[in-house]
Each structure stands twice: as C-alpha cells, then as structure tokens.
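Listed below, chain by chain, are the residues.
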Amino acid sequence: MSEQNSGIQQPQVSIEKELRKSYLEYSLSVIIGRAIPDARDGLKPVHRRIMYAQYELANSYNRPHKKSARIVGDVIGKYHPHGDSAVYDALVRLAQDFSMRDPLVDGQGNFGSIDGDAAAAMRYTEVRMSRLASEFLADIDKETVDFRPNYDNTLQEPSVLPTKVPNLLLNGSSGIAVGMATNIPPHNLGELCDALQMLLDDPQCTISDLMEVVKGPDFPTRGFVYAGKGLSDAYHTGRGTVKVRGRLEVEERKKGLQAIVIREIPFGLNKSSLVEKIAGLVNDHKIDGISDLRDESDRKGIRVVIELKRGTMPEIVINSLYKYTSLETSFGINMLAVVDNRPVLLNLKTALAYFLDHRREVVVRRTKFELRKAEARARKPGTRDAVEGIEDARTLLGRNAGARVGHAHHEALGRARDAKRHGSARGRVVEGVFKKVSQNRQQGRPAHAFDGRFGAVVKALDVELQVLVGGAVHQGLENLAQKFREVPGTRVAPEDFRSLARLRACKLQELRDLLD
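Residues numbered from 1 in each chain as written. Predicted model: local features only at pLDDT ≥ 70, side-chain atom pairs only at ≥ 80, totals over all residues. Heavy atoms only, no water.

Some details on the overall build of the protein
For the protein, the count of helices and strands is 18 helices and 17 strands. Sorting the 516 residues of the protein into buried and exposed places 45% on the buried side. Summarising the internal contacts of the protein: among those between residues at least 6 apart in sequence, 66% fall at separations of at least 24. Carbon and sulfur atoms form 50% of the exposed surface of the protein, whose accessible area is close to 27500 Å². (Helix = DSSP H or I, 4+ residues; strand = E, 2+ residues; numbered from the N terminus. Buried < 20%, exposed > 50% of the residue type's maximum accessible area, 1.4 Å probe, protein only. Contact = heavy atoms within 4.5 Å. Areas by Shrake-Rupley, 256 points an atom, 1.4 Å probe, with all protein chains shown as cover.)

So, the side chain of T312
Counting through the fold element by element, T312 comes out in the loop between β13 (304-308) and α11 (314-324). A polar contact of 3.1 Å, which involves the side chain of T312, links it to the backbone oxygen of K309. In contact with T312, other than residues within four places in its own chain, are Q258, D288, G289 and V317. (Polar contact = N/O pair within 3.5 Å; in protein donor to acceptor, adjacent residues only side chain to side chain.)

Let's talk about helix α7 (residues 189-201)
Compared with an ideal rise of 1.5 Å per residue, which puts 13 residues at 18 Å, α7 spans 18 Å between its outermost C-alpha atoms and is within 8% of the ideal. Taken across its 13 residues, α7 has ten buried, putting it largely inside the fold. Buried within α7 we find L189, G190, E191, L192, C193, A195, L196, Q197, L199 and L200. (Expected span 1.5 Å × (residues − 1).)

A few points about the pairing of strand β10 (residues 247-252)
Of the strand pairs in this sheet, β10 and strand β11 (residues 258-264) are connected by six bridges, and their pairing is antiparallel. Along β11, the bridge assignment pairs L248 with I262. The turn linking β10 back onto β11 is made up of five residues, and K255 within it adopts a positive phi angle of 60°. (Pairing = 2+ DSSP bridges.)

Quick look at the sheet that holds strand β3 (residues 126-129)
Pairing is antiparallel in the open sheet, where three strands are placed in the order β1-β3-β2. The sheet is open, and its two edges are formed by β1 (66-67) and β2 (105-108), each paired on a single side. Taken together, the two bridges between β1 and β3 define a ladder with antiparallel strand orientation. Paired with K67 across the two strands is E126, which belongs to β3. Sitting on the sheet, helix α3 (residues 45-56) touches β2 and β3, and the angle it makes with β3 is about 90°. (Axes fitted to C-alpha atoms, helices over the stretch in contact; angles between N-to-C directions.)

Notes on unusual backbone geometry
At N153, a position not held by glycine, the phi torsion is positive, near 60°. Its place among the elements puts N153 in the loop between β4 (147-149) and β5 (156-158). A positive phi angle is found at D340, which is not glycine, with a value near 55°. Relative to the helices and strands, D340 is located in the loop between β15 (336-339) and β16 (342-345).

Now the structure itself:
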C-alpha cells in the first residue's frame, strides 16, 4: 500500500500564491462583512443583524423593553456567529447618545458614560428600537430588498435594509479593515434631507451647492468645527482633516473672581481623562492661575468648573487648555463605504446619490409588490367584475366625450339591465359609476371625479414611473425631516476664527508681561 502511495504525485502548491489568495479572501471578508459600512443603509453587518433581530421580535419603540441578553442571543444564534461580547458592545453603542448623533436603540439601564464607564452586563439592561430605527425597516415585508441565507443556510437575512434615513452621513461610522479604514463624521438629519431634496430637484448641482445646505459635521457632543480647506477637501474628495474644539464659558463668581466652565467637548473624548490631564498640567505648572478644578456634570450635560486665581486672565488659561489638552483636536475624515461589494471612497454628492438610488429601488419594488397584490385580488370573481365594470365606464365615457353624458348613461343602463339578468356585478358597477358621474355634473364637479375601490391603482398606472418614484422619495424625505428635524448642535466656524483668538491671546500676554 505504501508503494502505491509513493507512486502518486502530489500537486505542487506555490506558498506565495496560496498565501496571496488566502489573505485576499480574508481581507475581503473583513472589509465587506465586518468593518466597512454599506453606502445604502450606512450599517455594518452586525448592526443590521441587531436591527433585523429586533424587528422579528416586534421590539419596536411602542412596545415594552426586552432584555439585552435576549436580543444578543437571537443575533448570535441566527445571524452573527461571533462572540456575545462583540454583539453586546455594538448594541450598547447604538444606545449611547454621546456616541450616536441619533441613537437607534432605546436603552433602559446602565449603558456606560462619557467618562469611559462600561455598561452593565447584558442580563441587567433592556432595549428596544428607537422611533427613528422604525424608519430603517419600513416596508421590509414588501420584497423591497434582497434576502440571503444566514451562516448555516437555515434562515434568511436582509442584505441591506430599506431605510428611509441617510444613516451613512447621519450617524457616521468608523472602522479599521485590512489595508484600509473608514472614519465618517455624523451630520444633522434636517440638513441631509434638504441636501437630498436639492439633489432630487437638480441632479446637476455641485458639491459646493450642497455645502451651502450641509454646513459641516454635527457631533453628538456638540462643540465647534472649523470650516476650512480640510472640510472642503473632505466633501470634495472624501478625505480631509478638520479641527474640532470644545466649548468653554467664562463665569463671574463672588468677590470678583472668575471661573472657566467646560460645557462641550470634542467627539470621542473621555471626560474623566480630560479632567485628569488638566489636573496634571496644573501640578506640573504648565498652566498657571488655577485654584480649583471639579466636575459638576450631571444628566443635564457636561459642566467642568475651573476656578481661577484673582488677577488671572481667562483668555490665557483657555488658550493653554486648547494647546496642552484634547479640548482642541483633529478629526480625520475618510469617507470609505461598500458599493456593489467593493470599497469605494465617496464624496458628499456620491454618498447622497447612492442613498437616493437605493430609495428609488425600494419605492419601485414596493410599488410592484403592491401591484401584484392588487392583481391577485382582481383575479377573484367579484373583484374582476368590479374592475371590468370600471373599465367599461371609462370606455363609454371616452367614446361619448364630445356628447352629453346622458347618451353614455343610457347605453350603460342598457348593458347593466342585461348584466343584472345574469346576476353579474359588472353591470351594477357601471350603473353606479354613471350615477356618480351624473351627481358630479349636477354639483358642478368634473364627471371623472368618482371614487372607486381601485381608482388609486388605475390613476397610478397612468402616471409615468419616474415622476411617481421621484415624488414618493421627495415626500418621504419631507415627512422624515418634519418628524425628526433638530437644530444642529455643533457650530461650524470659519477657519480664521482660531487665528484671531490666538492673536488676541498673544496681545493679552504681551500686555501682562508689560504690567509685570
């Protein structure tokens, strides 16, 4: 037996080719299936599966909360064959209002804090979808998106959600894949809806035109964003760096003392680490003039109080805080997303355009589904007679368009009498239509202003598809903006604002040196 085996030639495999092939498959799996969001719904696979698992459990915003452990168990058991901690961490992030511009999960319990505190265990916390999250799954039962088998081919899961929300730019995304990464900042929903409507009305509009509507990122922690070349590059090319600052206020205290209050911090900054950093700078004498430091933050918002010594100029301390701490930081924008199963670098216009294409496809597929349902109902005997009766009425009205309606009515009554003898509903429908027409004429309304069970379907078939789809998408955006529009929290300031503030601080420092 060993002699026979020794005579068999084993195929030669190149290690270099095998490693290249295996690593390419692994990297594509990480890019498409884990780290980079889809350009259409702005979700990574784990977030999409969390949303769909809650949809299947009917865990909507108007239902009682369910245990997080139940959601996590359904996700890893049905769709996401990974660790429970990874799924729970993703679920927790969807509920954090300091991580998401508009949270997609309504959490009940301890879901962590901006100080870096971890969330409670999944057996203690409870979740349900937020009101906005329901817009992600609307019409998913009307064949609006494709489904694919899950990891063990026992269930079906959506490849994308039929969302009405431009989530890629709304909540942004960040992820590190193999050889590439994405970092998309969040934006204001009202501004995005206005920009999408502008692009619908004028597909030839430029990125500069869209930037008149989308002023800049809108972070959940608010603060300032400086609009300069970095922001323009990010929106035009997909890559750029913007400066982000926290917001500080100067308060007058008793006995002529002053205090600096930190009210907003840059996105992603740990507040407790910031307080520790400031305390260390004071102890190292890199920042002078501070007598006390305390954190008075509560549920109403951030409030870090820095008490100043008598005679200290607040502007000098503020600029030192910006210089030595993360109260001023850079946010690198890299708008990378998955388009047609491949990573693509998007600019502002293409990101909005891909979402509009997705919405058009969803509307068309939903309309086709509803039409198939209407046709199935029309195949029933009574419904078929009703539809044929409406068509007879339209034909007779068209034939007698130049004559009086009474002529057509007379002909219809003759047909109706014949049909009634055979017990057909078709003749009764024709007679009812013409009675309604006659009443409309007597009341001075158009003869065709009658209500029928399938009148809306008949009228929709007479409208061009593109106009109908565009109008439906436009109306959906208007409704979305009316329900969820908010005033932007992050202020977008011109780039030269920082240089003016620094110039003022330098002048104050020179004045202080002269006085000393």
